[in-house]
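Chains, contacts and geometry: an overview
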Amino acid sequence: RDVLGSRGLGDVYKRQLYIHSGTYMGVKPGDLFMVYEEIPVGGVITRQKVGKLRVNDVSNPTVAKCKITKGNDEIADAFLAGRGLICVSDSKALFY
């Protein structure tokens, strides 16, 4: 897979993902993020985990370059299908 267009997170390229959060949001190298697919169920938006990211580089106030550490194919498939994805800081990583 080459570069895949995004719907809110960034671009996927060979196990890398650019997210729209950078130094302005306090993101720093080593931070972990969970990637969820937003799925409507009975009028309520639910989230299903599809992958995990680790921030490699934050050289911009609004963009961070991440490595996809889990769920590369699932994330790429969701991008291609135009499904809603959201990236959430993995606060549990602070304690490991």
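For the structure itself, consult the block above.
All of the points below concern the structure found in this document. Predicted, not measured: the structure shown is a model, and the values here were computed from it.

**A short note on the overall build of the protein**
When you go through the protein residue by residue, the secondary structure sums to one helix and six strands. Secondary structure elements in the protein, listed N-terminal to C-terminal, are β-β-β-β-β-α-β. Out of the 96 residues belonging to the protein, those deemed buried represent 32%. Intrachain contacts of the protein at a sequence separation of at least 6 include 55% that bridge at least 24 residues. For the protein, the computed accessible surface area is about 6,000 Å², with 51% contributed by carbon and sulfur atoms.

**A word on the environment of K52**
Relative to the elements of secondary structure, K52 occurs in strand β4 (residues 44-57). Each residue touching K52, except ones within four places of it in the same chain, is listed here: L32, F33, M34, K67, I68, T69, K70 and D90.

**Some remarks on the environment of Q16**
Summarising the element assignment, Q16 is placed in strand β2 (residues 16-19). Overall, the relative accessible area of 24% leaves Q16 in the partly exposed class. Here the alpha-carbon distance between Q16 and K67, two residues 51 residues apart in the chain, equals 4.6 Å. A distance of 3.3 Å separates polar atoms of two side chains, one belonging to Q16 and the other to K65.

What counts and what doesn't
- Throughout this description, residue numbers start from 1 for each chain and increase along the sequence as written.
- Side-chain atom pairs in this predicted model are given and counted only at pLDDT of 80 or more, local residue features only at pLDDT of at least 70, and totals for whole chains, interfaces and linings cover all residues.
- Side-chain metrics in this entry use all non-hydrogen atoms of the structure; hydrogen atoms and water are not considered.
- Only DSSP runs of H or I covering at least 4 residues are called helices, and only runs of E covering at least 2 are called strands; the numbering of each starts at the N terminus.
- Residue exposure (1.4 Å probe, protein chains only): buried if accessible area is under 20% of the type maximum, exposed if over 50%, otherwise partly exposed.
- Contacts are residue-level and defined by heavy atoms, with any inter-residue pair within 4.5 Å sufficient.
- Each accessible area value is a Shrake-Rupley result obtained with a 1.4 Å probe; residue values ignore everything except the protein chains displayed when judging cover.
- For the purposes of these results, a polar contact is taken to be a pair of N or O atoms within 3.5 Å, where, inside protein, one atom must be able to donate a hydrogen and its partner to accept one; residues adjacent in sequence count only when each atom of the pair is a side-chain atom.

No statement about biological role is implied by the geometric values presented.
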